[in-house]
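Understanding the architecture of this molecule
Below are the chains, spelled out letter by letter.
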Amino acid sequence: MRKGRFNTPAAEIAQRYSESVSFDWRLYRYDIAGSTAHAAALARARIMTRAEHRKIEGGLRAIQQQIESGKFQWDRSREDVHMNIEAALTKRIGPAGAKLQTARSRNDQVALDMRLYVKDEITEVSSRLRNLRRALLNLAEKHVDVVVPGYTHLQRAQPITFSHYLLGQIEAFERDAERLRDCLVRTDVLPLGSGALAGSTIVLDRELIARQLGFSRVSQNSTDAVSDRDFVCEFLFCLAVIGLHLSRLSEDLIIWSTSEFGFLEFTDAFSTGSSLMPQKRNPDMAELTRGKTGRLYGNLMSILTMTKALPSSYNRDLQEDKKPLFDSVDTVRAALEIFAAMLPELKVNRKRMQAAASDPNLFATDLAEYLVKKGIPFRKAHEIVGSLVAECARKGIALNRVSLAELKKRSVLFDVDVADVFDIRHSLSQRRAIGAPSHENVAAQIKRWRAYLGRGD
Ligand code: ARG
């Protein structure tokens, strides 16, 4: 590439500083697919003969096999994946290889490789997200009758079922899947043919190239096409939010697995011990996932900052998009895999959940609503029950142990049916508006998710 323009080779230290092949070799498959489609277009435009085209195709296929069998020698002095493959091709098939870069620059080439890579990873991450949601759904199905306190501010609030909690997690991961589908729409655009930034005087059929490479659309402005890394930012955001959701799930599982809660236990296979304290059983998989989320945010910040205020079209800064992207992809793939494997093994302590959910204070709101149904304004009912709860705390008696006579002193509307208020089944059965945790609702949601997610392969 330097031949012609430069008299001396780049300084060794400059080569080492600027090479990217040590990490962008991962794009080889997309680079080869792009080159194969580009060669076909050049042949159609009669820039190369059919024989040359066939040679290029065969050469690229052989190089791919070499790479995949680990026999390919990556050469750092050749800067990046594109130059490595081009050089290997020319070496293998001779002068025909030197025609491949006609009407193409590494600027549109790298944009293409990145889009193909992100498209594939959207599919892969989506399928792992689906496995995770199936694992959550299986747990939800198994625990429909397990009641548990719902918490706000990490304080006992109102009764729900464990299934309702799990279905809530599925909702969040479904939004993540939806975000990925949306990100795919803007990623699925062919940049190849944009050249360095101004296309080329050699006109290729870009629509046909797009079809061959499986793109639904073709970029409409060559300068923007080599500039644009929005799809990387968006994808990193999608991955960061998956991390966010995994970190919140992790946090719940970690807290619930403490002796203080005792709701859950991680199995041996997914727990770690302490090098010092023999009794320890630590939830390291969940803790690591919570921690790794920080890196996912960092990677997103990194690409946003890198692209900020860049002059238009291609700048070498853009090479720095790869490490954060690869790191986030690897991190999220691994985290989703761990969770899908770990969740089915989770030991659920129904009794502890049940015991916690029978705390009569969880029904204080139900008690206020009992009065509302008999005609008392909610604010007034809230006050009556609030002072009752305070008095119970003072006297050290449970809210459901207050006699009817005592209750009647606070409101004549209290009656014998007040006992039902403290029955958890009764409480849940009344919570039947859309989205609330009645058993009927939970069962319907499980059915809906099952139809949507299937049972898995
Ligand atoms: N390795 C470069 C990157 O990742 C490829 C494009 C290089 N283009 C250039 N004009 N130097 O962005």
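On a predicted model such as this, the values are computed, not experimentally measured, just so you know.

1. A word on the overall build of the protein
Looking only at helices and strands, one finds 18 helices and 6 strands in the protein. Principal-axis analysis of the C-alpha atoms gives the protein an extent of 100 × 55 × 45 Å. Taking all 457 residues of the protein together, 47% fall into the buried category. Nonlocal contacts in the protein, meaning residues at least 24 apart in sequence, comprise 76% of its contacts between residues at least 6 apart. Surface accessibility of the protein: about 23,100 Å² in total, with carbon and sulfur atoms responsible for 53%. The averaged location of the 56 negative side-chain charges in the protein is 2 Å from the averaged location of its 68 positive side-chain charges.

2. Observations concerning the pattern of salt bridges
This model, assessed by the stated rule, comprises 37 salt bridges. Its salt-bridge partner being Arg-133, residue Glu-174 comes within 2.3 Å of it at the nearest N-O pair. With Glu-174 in helix α7 (residues 162-187) and Arg-133 in helix α6 (residues 106-142), this residue pair connects regions lying 41 residues apart in the sequence. For Arg-133, a relative accessible area of 2% corresponds to the buried category. Residues Arg-181 and Glu-174 are paired through a salt bridge, measuring 3.0 Å at the closest nitrogen-oxygen approach.

3. Points about the site of the ligand
Taken together, Ser-20, Asp-80, His-82, Arg-106, Asn-107, Val-110, Tyr-314, Gln-319 and Lys-322 make up the full set of residues adjacent to the ligand. Here Ser-20 contributes a side-chain N or O atom positioned 3.3 Å from a nitrogen atom of the ligand. In the model, a nitrogen atom of the ligand is placed 3.0 Å from a nitrogen or oxygen of the Asp-80 side chain. The fraction of the free accessible surface of the ligand (350 Å²) that becomes covered by protein chains is 86%. A total of 3 residues in the shell around the ligand trace back to one element, the largest contributor, which is α6.

4. Some remarks on the packing of α7 against helix α10 (residues 230-256)
Between α7 and α10, whose axes approach to 8 Å, the crossing angle comes to 170°. As far as their axial angle goes, α10 and α7 are roughly antiparallel. Of α10, the residues touching α7 (which contributes Phe-162, Tyr-165, Gln-169, Ala-172, Phe-173, Arg-175, Asp-176, Arg-179, Leu-180, Cys-183, Arg-186 and Thr-187) are Phe-231, Glu-234, Phe-235, Phe-237, Cys-238, Val-241, Ile-242, His-245, Leu-246, Leu-249, Asp-252 and Trp-256.

5. Quick word on the nonpolar core
Counting 101 residues, the largest nonpolar core has Phe-162, Phe-235 and Leu-325 as its most contacted members. Leu-362, Ala-368, Ile-376 and Phe-414 belong to the second-largest nonpolar core, a separate cluster that totals 24 residues.

6. Regarding the packing of helix α14 (residues 364-373) against helix α15 (residues 378-395)
Here α14 crosses α15 at 135°, and the two axes come no closer than 8 Å. In terms of orientation, α14 lies oblique with respect to α15. Relative to α15, α14 is oriented so that their crossing is right-handed. Facing α14, whose interface residues are Ala-364, Leu-367, Ala-368, Leu-371 and Val-372, α15 presents Phe-378, Ala-381, His-382, Ile-384, Val-385, Leu-388 and Val-389.

7. Considering the packing of aromatic side chains
Evaluation of the coordinates by the stated rule reveals 12 aromatic pairs. Both rings, one in Phe-72 and one in Trp-74, keep their centres 4.6 Å apart while their planes meet at 65°; by these two values the pair is edge-to-face. Measuring from centroid to centroid gives 4.8 Å for Tyr-165 and Trp-256, while their planes differ by 65°, and the two rings are edge-to-face. In this pair, Tyr-165 sits in helix α7 while Trp-256 sits in helix α10, placing the two residues 91 residues apart along the sequence. Across the pair, Trp-256 and Tyr-165 agree in class, each one buried. Among the aromatic residues, those joined into a cluster by ring pairs are Tyr-151, Phe-162, Tyr-165, Trp-256, Phe-261 and Phe-263. Between Arg-26 and the ring centre of Phe-326, over which it is positioned, the NZ or CZ distance is 4.4 Å. Over the ring of Trp-449 we find Arg-448, and its NZ or CZ is 4.5 Å from the ring centre.

8. Observations regarding unusual backbone geometry
Positive phi outside glycine occurs at Ala-103, with the angle close to 55°. If you trace the backbone, Ala-103 turns up in the loop between α5 (81-93) and α6. Ala-103 gets classed as buried once you look at its relative accessible area, which sits at 15%. Its identity is not glycine, yet Ala-309 carries a phi of approximately 60°, on the positive side.

9. With respect to the environment of Met-48
Mapped onto the fold, Met-48 is located in the loop between α3 (28-44) and α4 (50-68). Sequence separation between Met-48 and Lys-99 is 51 residues; the distance between their C-alpha atoms is 7.2 Å. Apart from the residues within four sequence positions on either side, Met-48 is in contact with Ala-39, Leu-42, Ala-43, His-53, Ile-56, Lys-99 and Leu-100.

10. Observations regarding the side chain of Ser-126
Counting through the fold element by element, Ser-126 comes out in helix α6. A distance of 2.6 Å separates the side chain of Ser-126 from the backbone oxygen of Ile-122, its partner in a polar contact. Ser-126 has contacts with Arg-133 and Leu-180, leaving out every residue within four places of it along the chain.

11. Considerations on the environment of Arg-410
Tracing the backbone shows Arg-410 in helix α16 (residues 404-410). On the accessibility criterion, Arg-410 (26% relative accessible area) is partly exposed. Beyond its immediate stretch of four places on either side in the chain, Arg-410 contacts Ile-384, Ser-387, Leu-388 and Glu-391. At a separation of 2.9 Å, a polar atom in the side chain of Arg-410 contacts the side chain of Ser-387.

12. As for α6
The terminal C-alpha atoms of α6, which comprises 37 residues, lie 53 Å apart, in line with the 54 Å expected from a rise of 1.5 Å per residue. Among the 37 residues that make up α6, 27 are buried, leaving the element largely enclosed by the rest of the structure. With a side-chain oxygen positioned 2.8 Å from the backbone nitrogen of Asn-107, the residue opening α6 is Ser-105.

Parameters at a glance
- Residues numbered from 1 in each chain as written.
- Predicted model: local features only at pLDDT ≥ 70, side-chain atom pairs only at ≥ 80, totals over all residues.
- Heavy atoms only, no water.
- Helix = DSSP H or I, 4+ residues; strand = E, 2+ residues; numbered from the N terminus.
- Buried < 20%, exposed > 50% of the residue type's maximum accessible area, 1.4 Å probe, protein only.
- Contact = heavy atoms within 4.5 Å.
- Areas by Shrake-Rupley, 256 points an atom, 1.4 Å probe, with all protein chains shown as cover.
- Lys, Arg positive; Asp, Glu negative; His and termini not counted.
- Charge placed at Lys NZ, Arg CZ, Asp CG, Glu CD.
- Salt bridge = Lys/Arg side-chain N within 4 Å of Asp/Glu carboxyl O.
- Near = heavy atom within 4 Å.
- Polar contact = N/O pair within 3.5 Å; in protein donor to acceptor, adjacent residues only side chain to side chain.
- Axes fitted to C-alpha atoms, helices over the stretch in contact; angles between N-to-C directions.
- Parallel < 35°, antiparallel > 145°, perpendicular 65-115°, else oblique.
- Core = buried A, V, L, I, M, F, W, Y, C linked by side-chain atoms within 4.5 Å.
- Left-handed = near helix turned anticlockwise from the far one by under 90°.
- Phe/Tyr/Trp six-rings, centres within 6.5 Å; stacked < 30°, edge-to-face > 60°.
- Lys NZ or Arg CZ within 6 Å of the ring centre and 35° of its normal.
- Expected span 1.5 Å × (residues − 1).

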